[in-house]
Each structure stands twice: as C-alpha cells, then as structure tokens.
Amino acid sequence: MIEKSSTDFNGISQDMIQLITDLYPICRSITGNGIRETLNIIGKIIPIEIFEVPTGTKVFDWTIPKEWNIRDAYIKNSKGEKIVDFQKNNLHVLNYSIPVEKKVTREELTRHLYTIPEKPRWIPYRTTYYDENWGFCMAHEQYQSLNEEMYEVFIDSSLEEGSLTFGEMLIKGESEKEFLLSCHICHPSLCNDNLSGIALSSYLAEHISHLSLRYSYRFLFIPGTIGSICWLSLNKEHCSNIKYGLIVNCVGDAGKFIYKRSRQADAEIDRAVVHVLENCEYDHEIIDFFPYGYDERQFCSPGFNLPVGCLSRSTHGRYPEYHTSADNFSIVKPSFLSESFSVYLDVIDIIENNQTYVRTDPFCEPQLGTRGLYDKIGARSSSQKDQLAMLWVLNLADGNHSLLNMSERSGIDFSTLREISDILVEHHLLEKC
Amino acid sequence: MIEKSSTDFNGISQDMIQLITDLYPICRSITGNGIRETLNIIGKIIPIEIFEVPTGTKVFDWTIPKEWNIRDAYIKNSKGEKIVDFQKNNLHVLNYSIPVEKKVTREELTRHLYTIPEKPRWIPYRTTYYDENWGFCMAHEQYQSLNEEMYEVFIDSSLEEGSLTFGEMLIKGESEKEFLLSCHICHPSLCNDNLSGIALSSYLAEHISHLSLRYSYRFLFIPGTIGSICWLSLNKEHCSNIKYGLIVNCVGDAGKFIYKRSRQADAEIDRAVVHVLENCEYDHEIIDFFPYGYDERQFCSPGFNLPVGCLSRSTHGRYPEYHTSADNFSIVKPSFLSESFSVYLDVIDIIENNQTYVRTDPFCEPQLGTRGLYDKIGARSSSQKDQLAMLWVLNLADGNHSLLNMSERSGIDFSTLREISDILVEHHLLEKC
Amino acid sequence: MIEKSSTDFNGISQDMIQLITDLYPICRSITGNGIRETLNIIGKIIPIEIFEVPTGTKVFDWTIPKEWNIRDAYIKNSKGEKIVDFQKNNLHVLNYSIPVEKKVTREELTRHLYTIPEKPRWIPYRTTYYDENWGFCMAHEQYQSLNEEMYEVFIDSSLEEGSLTFGEMLIKGESEKEFLLSCHICHPSLCNDNLSGIALSSYLAEHISHLSLRYSYRFLFIPGTIGSICWLSLNKEHCSNIKYGLIVNCVGDAGKFIYKRSRQADAEIDRAVVHVLENCEYDHEIIDFFPYGYDERQFCSPGFNLPVGCLSRSTHGRYPEYHTSADNFSIVKPSFLSESFSVYLDVIDIIENNQTYVRTDPFCEPQLGTRGLYDKIGARSSSQKDQLAMLWVLNLADGNHSLLNMSERSGIDFSTLREISDILVEHHLLEKC
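Read on for an overview of the structure.

Rules behind the numbers
Residues numbered from 1 in each chain as written. Chains lettered and ligands numbered in written order. Predicted model: local features only at pLDDT ≥ 70, side-chain atom pairs only at ≥ 80, totals over all residues. Heavy atoms only, no water. Helix = DSSP H or I, 4+ residues; strand = E, 2+ residues; numbered from the N terminus. Buried < 20%, exposed > 50% of the residue type's maximum accessible area, 1.4 Å probe, protein only. Contact = heavy atoms within 4.5 Å. Areas by Shrake-Rupley, 256 points an atom, 1.4 Å probe, with all protein chains shown as cover. Lys, Arg positive; Asp, Glu negative; His and termini not counted. Charge placed at Lys NZ, Arg CZ, Asp CG, Glu CD. Least-squares fit on C-alpha atoms with pLDDT ≥ 70 in both. Axes fitted to C-alpha atoms, helices over the stretch in contact; angles between N-to-C directions. Parallel < 35°, antiparallel > 145°, perpendicular 65-115°, else oblique. Left-handed = near helix turned anticlockwise from the far one by under 90°. Nonpolar A, V, L, I, M, F, W, Y, C, P; charged D, E, K, R; others polar. Phe/Tyr/Trp six-rings, centres within 6.5 Å; stacked < 30°, edge-to-face > 60°. Lys NZ or Arg CZ within 6 Å of the ring centre and 35° of its normal. Pairing = 2+ DSSP bridges. Buried area = accessible area lost by both parts, 1.4 Å probe. Salt bridge = Lys/Arg side-chain N within 4 Å of Asp/Glu carboxyl O. Polar contact = N/O pair within 3.5 Å; in protein donor to acceptor, adjacent residues only side chain to side chain.

As a further point, take the overall build of chain A. When its secondary structure is counted, chain A shows 12 helices and 21 strands. Referenced to the eigenvectors of the C-alpha coordinate spread, the extents of chain A come out at roughly 95 × 40 × 35 Å. The burial tally for chain A puts 61% of its 433 residues in the buried class. A fraction of 79% describes how many contacts in chain A between residues 6 or more apart in sequence connect residues 24 or more apart. When the accessible surface of chain A is totalled, it reaches about 16,700 Å², and 46% of it is carbon and sulfur. Distance from the positive charge centre (41 side chains) to the negative charge centre (60 side chains) of chain A: 2 Å.

So, about the relation of the copies chain B and chain A. Superposing chain B onto chain A takes a rotation of 120 degrees plus a shift of 0.2 Å along the axis, which leaves an RMSD of 0.1 Å. Expressed as a symmetry operation, the mapping of one chain copy onto the other fits a three-fold axis. Closest approach to the rotation axis among the C-alpha atoms of chain B is made by Asp266 of chain B, whose C-alpha sits 13 Å away.

What follows covers the packing of helix 5 (residues 191-208) of chain A against helix 9 (residues 334-353) of chain A. Residues and elements named next belong to chain A. Contact geometry of helix 5 with helix 9 gives a least axis separation of 11 Å together with a crossing angle of 50 degrees. The angle between the axes of helix 5 and helix 9 places the two elements in the oblique class. Between helix 5 and helix 9 lies a crossing whose hand is right-handed. Of helix 9, the residues touching helix 5 (which contributes Ser196, Leu200, Tyr203, Leu204, His207 and Ile208) are Leu337, Ser340, Phe341, Tyr344, Leu345 and Ile348. Of the residues that constitute the contact of helix 5 with helix 9, the class distribution is nine nonpolar, three polar and no charged.

Right, let's talk about the packing of aromatic side chains for a bit. Throughout the structure, instances matching the rule amount to 57 aromatic pairs over all chains. One residue, Lys260 of chain A, lies across the ring of Phe290 of chain A, its end atom 3.7 Å from the ring centre. Over the ring of Phe257 of chain B we find Arg313 of chain B, and its NZ or CZ is 4.3 Å from the ring centre.

Attention now moves to the sheet that holds strand 21 (residues 430-432) of chain C. All names here are of chain C. In spatial order, the strands read 20-17-21; together these three strands make up an open sheet with antiparallel pairing. Among the strands making up the open sheet, the edge pair consists of strand 20 (398-402) and strand 21. Averaged over all pairs of adjacent strands, the angle between their axes in this sheet comes to 35 degrees, without regard to strand direction. Across three bridges, the pairing between strand 17 (residues 356-359) and strand 21 is antiparallel. For Val358, the partnering residue across the bridge sits in strand 21 and is Glu431. Set on the sheet, helix 11 (residues 403-410) makes contact with strand 17 and strand 20; between it and strand 20 the angle comes to about 70 degrees.

The next subject is the interface of chain A and chain C. On the chain C side, the residues contacting the 20 residues of chain A number 19 residues. Roughly 1,800 Å² of surface becomes buried between chain A and chain C when both sides are summed, with 55% attributable to carbon and sulfur atoms. Viewed at the interface, chain C and chain A are joined by three salt bridges. The interface formed by chain A and chain C includes 11 residue pairs in polar contact (both at pLDDT 80 or more). Those elements that place two or more of their residues in the side of chain A that touches chain C are strand 3 (62-63), helix 6 (226-234) and helix 8 (296-299) of chain A. Tallied by class, residues from the side of chain A that touches chain C come to 12 nonpolar, four polar and four charged.

Glancing now at the interface of chain B and chain A. Taken together, the contacts link 20 residues of chain B with 19 residues of chain A. Carbon and sulfur atoms make up 54% of the surface buried where chain B meets chain A, a total of about 1,800 Å² over both sides. Together, Asp61, Arg263 and Pro291 of chain B form the three largest contributors to the area buried by chain B at its contact with chain A, with a combined 33%. One can count three salt bridges joining chain B with chain A.

Quick look at the sheet that holds strand 6 (residues 100-105) of chain B now. All names here are of chain B. Sheet architecture is open: four strands sit in the order 5-4-9-6, paired in antiparallel fashion. Only two strands of the sheet have a single partner each, and these edge strands are strand 5 (82-85) and strand 6. Going across the sheet, the axis of each strand differs from the next one's by a mean of 20 degrees, ignoring polarity. Direction of pairing for strand 4 (residues 67-76) relative to strand 9 (residues 150-160): antiparallel, over a ladder of nine bridges. Across the sheet, the residue bridging to Ala73 is Ile155, located in strand 9.

As a further point, take the pattern of salt bridges. In the structure shown here, the tally under the stated rule is 63 salt bridges over all chains. Taking the shortest distance from any N to any O, the salt bridge between Arg36 of chain B and Glu52 of chain B comes out at 2.8 Å. Placement of the pair is Arg36 of chain B in helix 2 (residues 33-42) and Glu52 of chain B in strand 1 (residues 49-54), with a sequence separation of 16 residues. Accessibility expressed as a relative area gives 36% for Glu52 of chain B, which makes it partly exposed. In the salt-bridge network here, residues are joined through shared partners; they are Arg36, Glu52 and Glu67 of chain A.

Below you can see the structure in the form of structure tokens.
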C-alpha cells in the first residue's frame, strides 16, 4: 500500500528543486558529455545503469548521430566585447552547432541568428541535429541593437564519432509486467521542459524503490525521439512486458494537469489517470492521443502501440515560456512539483492495487452481522457509505470487475473500495483473482 | 393476448384494498404465525403452496433463525394504565423482542425505546432479528411526556426452535422458462411497504392464472433477505429457468413509478419495463442497479446475477412515511394500486408477446394491395401510422429483431407492432422464430 | 484520382438541364413506350442496355403487370371545347387509366377527378397501377368552375400484354465489387422527382466512364418499386457484389442535402456520404433509415439488406411541389444540379480512394528529414497541417484504419490524408493492404 504524507512531499519537492538547480547550468543535447554529467548527478539519488550506443548504430529507420560536445561560444563586437556568451546562458548557441571561428559581416551573422520578435527579451531554444550548421540564439531586443559592420563568431564545439548516452533504472516488483516511466534529458537550461520531469522521475523512483511493489517499474532517462527509438530498438522483444506507461515532463509549473491518452485510448493506464484526475482537487483536462508531442509518438507507433500516455501540467507548446529562456525558476515551484508528485503517486497506487476479486461463495450476500461487519467494519466504525461500498464490492466481485471498474460503476472512490476489499479478504469473503 | 378493461381494475383495486385491510392487523415478522396467518388469507385468493424450513437449516452463509411469536406486550405506568399497547398497534413492540416482564426505571426503559424525533407523532418500525434484545417503539411526543420513575414492561413473546415459512405459486405456461415475481411478507402493520406488494402479487397471480400464457410465472411470498436467501438455497439448480423477474413492493402510494434496473442493466425485463414506463401516462424514473434495497440484492448477487429488477412507486427509504406507523391507509389508495396493476400487466403483456419473426419470403416488400393490406389492414381501416408500422415489421422481421427491438428502432408503440404482426402472420407473410 | 473542375460542371449542368428538357414532355409510367423513348434518349449519352420483362412474369411476390400506353385524352364541354387536354400536360390523365369514350354527367365525372384544394392552380400526379380505373387530374380552380350537366370524356389508352422495360449500364472497374446507383424513370412531366435523378445519373455515368476506376459502377434506370423488385429478382445471385449503393432522385432543387442512411446505418457508404456532407459547404441533414420512400425499401428489404442509402436534396413528400405540376423548371436549376453532381462525385472519390495501408516498417516513426519529407512534402511546401497529417497516417497505417477511419479519428480531411498517403507510398513508407 502506498502511504502518503504531505510532510514527505514538502521534503521531496525541495529535493526536486535542488536537483533542478544542480542540472540547470549543464548544456545538454541528444548526445555528449552534458547527458553524462546529468546522469552522474541523477546517479547520486538512484542507482541508474548507463548505456552508450555508438555513432552509426542503426536503430530502426534511424542512425545514431555523431556525438556533439561544446566547450565555449561567443559573439564579439569590434571592441572585442562578448555581446553573446555561451558561458552566461547555454541557450545562446544553436544546439548541435558545428565549430566556427571567423569574422563575419552583420549580414552573414544575421542568417545564423534566431530570436523571438513577439517576446523581445527571451532567448529561444533552437537545434540543428540533422543539418550541419552553426548559429546563435538571442533576445530580439539585442538583435535589433546590432549596428556594427563586422562581428567575430566563435564556437568551440566538436561533432565526432562517439555515442548516444542514456540511463535506466529498473525496480523489480512481484511481477515481470512493467510500468514504464520515461523522461527526456536532452534539453539544456530549461526548467519545466525536461528538468521538472527528470526531477520528478528521479525522486519518484527513489520513493517507490523502498516499497513492496506488485509491478516492476522501469525509469528511462533518454534523449527525446532518437533516444526512445534507440531504446525501443534495443528492447523490442521486451516490450510485451510493458503493461503501463507514462511520459513524464512539464510537471513543475502552475498549469492545470493535462493527460494525453495513449493511442489505445482506454487502456488501464488511461482509466487510472482519468480516475485520479477526476477525483483530485486540481484543475485538469483529458485530451485524446495525437501523434505529435513527446516520446509517446514512438511508444505508440503502430508496431508497438504500447499503453503509454503523457501526464503533465502545461505541455508541449502550450505555455508561452515553452522552449525559451523564460522556462526558468520563475515558473517552476516546489508546490507545483509536489502536487505533480502526489498525482503520479496516486496513479501508481491505483495500478498497484487495481485487483480483481471473486467472492469465496458468490451466492447471495454473506451474513455481515455475525462477522462484526454490519455496525462496524474492522477497526473503523461503519458509515453508511462504507456499508454501501462493502455491498458493492460483494456484488461486483465476480472476477470480471477490477476495483477501478467497481469505482467507475458505483461512483465510490477507489481507496474506499480498496480498504473494504482488504477487510473482506481478511474475513475470507473475497479472494484475489 | 392480455386483455385489459378498466372496469376489471376498479374491481381488482377494491379487492386489493380489502386484502390489505384484512392483513393489516396481523403482526408479521421473518418467522412465526403472523406469516402463516397471512399466507392462509392469501390462500383464499390463489392456491399457494406453503413451505416450512426448520430453524438451524443452513442456507448459504446464513442459518434459519429461531421462530418468533408474540401474543401481547405493553408498558404500564404506576397507575397500572397501559400507556403503550401492542394490541392497539403491533409496531409498538421491537420486532423479534425476547420476552420480558419486570419493573424498570425510566432510565432503563429509555435504553429500550425507539422514536422519531423529526416526526413526533409517528411510531417507528424497528427490528432486532439477529441480536437478542427487547424494546418498544413509540411516538416521540409520548416519549417526551414520560415523567414517572418506574414502569412495568411486559412482552409475552417466544423465540424458539421452529421454522421459517414462505409461500409460492407457480402458474405453468407453454414454456418452462419463468417470470419470477417476489414480494416480502415480513412487515407488520405497514400498508405500502409490503402489504401493497402482497395485494398486487396476489391479484396479479389470480388474474393471469386464467390466461393462456407463453411463460410460466412464479410468485413468491417470502420474508425479506433471509426468505429470498432460503428460497435461492432450496432452488439453486432451478434458477437457470428464470428469464425475467421483478420485486413487487411499494405499489400503492401516489409516488411516481420507479424502476430499478437489474444488475445486468439491459436485460429484456429491463427494456420491457423501460418501454412500458416511457409509453405510459404516469410520471416515472429509471434508476441503475445498486446492491441495497429489497430482495433484488440476493437475486442479483454475483453467483446468480438473475435479470430481476424492482418496479415500485415510492420505494425503499424514499418516502417520509417509510417504516413508520404513517405508512397506512392514508397513503395507499385503490386508484394508485390500479395504476400499478395496469403497469405490471403491461410489462407481462410485452414479455408474453415479445416475439421475434422472420418473413416467409424476405426478398423485397410483398404486394400488400392484392392481400387487402394496403388501404385497410384486416378489419381496421389503415391509417398512415399502421401502414408505416406494417412496413417496419416487414423490414425488420429478419429473425434478429424482437417486437421490442422493432419498437425501439421505429419509435412505434409495441401494441401496434404486435397487432400488425398478428395480421401479417395470418396472411402467411411472417412466421414466429 | 477523381479530378474536378467547376468549369466542367457548368457544362455538365447545362447538359443535364437539356436532358430534362428533352424528357419532360414524354408521358412515362411503370411500363410502356414512354419508358422506351426515355431510355433511347439516355442512350444517346451513355451506352445503356435495355431489358424487356414480359407481362405476367413472377418477380418475388409480385407479377409484371400489363403494359400501358396512351396516345390521347381529353374532356370536352358541351360546345366541344377541350377543357382538359393530355396533349397540353400529361399529368391530366390518371396514370394507367383504362380507355374510355363516353358522355358522362358532371356527377359521374366528379368521381373520376383528382385535384389539390390547398393548391388550387396545380395539377396533381396520381396513378392507378393495380386498380383498373380511369380518371383525370386538374387544377382545383378549374374543377370549381365546372358548371355544365354533361361532359365528353375520352382516353385513348391501352392496357395489354407487353413488357416492363428498364435500362442498365455497367462501368467495369478493377474490382468486380460494385457501386450501384439507381434512379426511377416512371414519372411523367415532373422535373425534380425523377427527371433530375435521371439527368444526374446519366451524366455521372458518362463522366466516370472515362476514369480509371477501382470499383465497378452499375447505373439502373428502372420504374419505381416494381422495377427494383424486378431487377432484384433477375439479379438475386449477383447482389453479393454490391458493396455500395445510392438511390438518386430529387437532386435539382434548392433544398438542403438529405441523406437517408441505409438499413445497415453505418456501412462504408453511409460513413462516406456523411463525411462528404459534413465537410461540404452546403446545408444538409442526415436521417435514419425508415422503410418508406424510394427503392431503398427493396434494396434494404431483410433478404437483401444491401448498403444502399438515398442521397437527395428535397426528398419524397418533403417539398410542396412534390407530385404536382409545380415540380417543373421553376424549381430545378443548373446550379443546384451542379452542386448535387459535385457531392456525388465527392462520395465516389472517397469510395474509390478509401484505402487501408500498412507501414512497411511499423516500429517508431521513420526519419522524415532524410527523405525530404520534413520541411516540405513532395512538391508542396509542408504546412503544419500537412506534417500532422503525415504523422497521423504513419501512426494509423496498421492495416485496421482506412483513410476514412483516419479522417474520422484525426479530424483531418480525407483529401489531405489521401495525398499524403500517396506520397508516403512513393517513398516506400506505406503499402496498400
């Protein structure tokens, strides 16, 4: 049984913020030392296994790209002043830029600059993974003030044979059937879009690793798209074990909870998350699957069609700070992380406890009074709601209704039904299927 | 074909009121002579078979309890006046009270008294079947006026080895498949909650016993809960014959009709009752099954899951007079009983006539004009509605649509479709499946 | 691929009006030379095969009636003036009238006259196919002015052994599976109710006969009811090839589009028409099947239950001019015919192209960038909508989703999905199932 205490979560949410703070300065990409450094820091919280997949490896239709690393980058004006400096914000460099060191005219420079005219003070986050190019991202305000003829551009990066790095942690439960939780780790200094997901995944793994679990839990820390394709390619045969899955990301901001259903649309994980959101105190929205967004695109591709949904707060492209320098500590807060943590734990709680029961003797109602289950139920004094919950469980325990089914049909919350079922099992009136 | 005439129903509703009047004074419980006396009176209307099941018999998880009988009970004040007298109203005694004869302080007496503070003039109906105890029920007004120090309490009852008694009548139809109608007979002087059901069941059985029937009809007159458990225990193997079922109770008051679906939710009996209510002139409400209320709890337990719904007016706990002395002749009226009788008969009419047909030649429409079915249909002049009904029947008579299915799809009432079908059978255009 | 150009349709709609103009004067009925003359004119547009089925032939429950022909008919007043003249409007004669030549009193005449009191200037269209009788139809205004004692009535008709005539054109496609389009040709001078259907069918057949088609298309030009029964009787074994069907009629007026679903309700033809109407610019209404109206009654009879719906504008009995002399060129216009033609062509376009695809490699997304499918898709520059459409197709191409299914799930229009699919097939990412 998953026990929760809001005190714990306060502690955990502070830990999550600290982890985000530690990871924020690192320049991550889909390959390279930024990922390794990130996984090392996560490895201090939970024992993750780290995998390296060499450049050139075929993964389905894709190929592991060259490894990218960067040490420094800047634009200098004619006075030799760094007007744009990678050391100050790693978003300034177009991610996956090839090395460059030259003087360029303003006109040439402009063709390599990225800004957001509508948000003139924010630096955009842009990448050029599969198109060898170089560039800088800057605030549009600064861009408009560029008035010199010549600039010096310098990017000390490398794009070479190497490998793609990812991390994985498996928590073994009673069953080999797995609950997969996957977050992407390829974004640089962005707080909500990927650091919040990394933090929640890490501490959720840490938290449940101390519990006695029915299912196994696999946490993936992978670069987006190429990382999930790579993992699926390496673990194709294993996927039949994945019974539940969630993509974890954008869980630290103030936005309402958004659940994007799996492609299957009404898998047990979908029904569990919908149940949690419909019974929680937070604003939320349920949206149908569509083949765009995060790594659910790969897990839900037709050859796999895994029951993997996406449980976030503000999500992919749906908040103004998305993929800009404004996705920082001004929008990610401990209290929001704590709420998200709690919702994820509630989902796990349902999955862990969504048993199907049969009555030991299914004919008529049992005599509750002789068992001390009429006026009181076990240790608790029996409310009318508890009595009705008990009658519902006894009525629907026919091997065809999980507790989630019972909750959906009776309108009684999952946790009450679960507690009642436990008591009825103790009294030998029910058995797990 | 079930023929109805409102004249008959006026007579029947007077008969029902007379039966309720005859049964009202008897002190019934789940066992004892009150039930025997009741069944004897019913036996003057219809030939019921009476069963006695000995105390101590195991019936599934339950055991037939000791038999309870009562002859007298009262509370006397210091002047020797009977201030509470079982002879005046049998609700005064806590049903299943053990014998007692002693002087008690007001304080002790109070621990054995039951009242309804919100309804100070009404006597509540309370029981203590499975907890040996004694007590009295009284109006709260009277309770508040108790001002003496000592009272004399006397209950001349017995709780001894004996038996549980129930009655049963089977009306054989062409088929061994059965329609079960069950009412409980364990309540003492309460008019709507159980006497109205007994009266309707008795006269419905009497009425249809004169008809030529497709199905067999089994009427049960049983004590609530333990009675249905007992019957199911004795008839477990037989239950596969039960194709339809209704719990009959609370059918004499002014409330709207309430149909509580069977656990199966959409069985033929459910669809038939819904059809009758949606096509009748009376206010009504359809509610989903829940495992509380009357004996549908047992018939719909997972080991049986029989298609048994509950067709009532005001029902279980949903009218203020429920389980009080106010459930008397002030709320049960002939006209309400008559309406209920009519609705039950309409349901039976649908079940009896819900045939499935096939066209003798299913290709294209037959030529109606040459059979005299175009301008007129049989003896009746053909309205546009009749013509359309005929075309619907001819179109849907493919062996997959019962008349009830046809009615649901076409929006044409069941009785029109039935009459049309009969005519088409006469003209050899249709055959029963 | 069905190519459309509004210029073509302008030409076609003028052609359709011309055909209606040519056919308008002919007195058609369910048999006789009017039908033969009509089919000859249609035969100048498309190569139809003409069938003659002899009087007395049994067709299921029906018998081919005697053939009716008419040459002249009038009513003369005492001055010898023709006050009603078949030569001026063939609606004046009760269709299938037996010959008559006599003087009659006004009283006797009146028993043979048909008018529409609510529309005093319109001549009704009435028939007496299966009841040997004679009669005249006239404007109610004229009827009210009849003030002479005696009239001379003359109908030069014949009702004799002969045959029922119908026409048929089969356009062979790759598959033997057929799309059936049927119009009735039995109505005399009525523009919308049947001439518009004849015109649209003829030019639709002509138009698609030049195309390379996946399915075969069978166009029927048959008298209503007896004609479809006759055709079904002669082609009973063939019907298993009919995979789609539409009844074509009332397609020339200003009314909104009405689609009456097939008896199957949700067949592919139903879903295709609903998709076209929901994605077109015209007002429309979808109605459920009912066994009244046009020849869908026969095609959807239980022995056949073919997926045949009825796609019209104002339909059967739902416009005031229906079956009167006012159903003329004042309500049927080229622009309405053109719209109808376009809608029919869109339906055919969907049926022709509603392929089901599988991914050649269903695991994860393919790498679109390396194939030039990321920034642009084939020749067109790639909009965000196109990109999403491509991802949807790649995600749902699992062999279980036709393009129509994909469109229904994604909300993306059929034609975009079709174009995208073609491109993905070219790039060997998809295959047709």
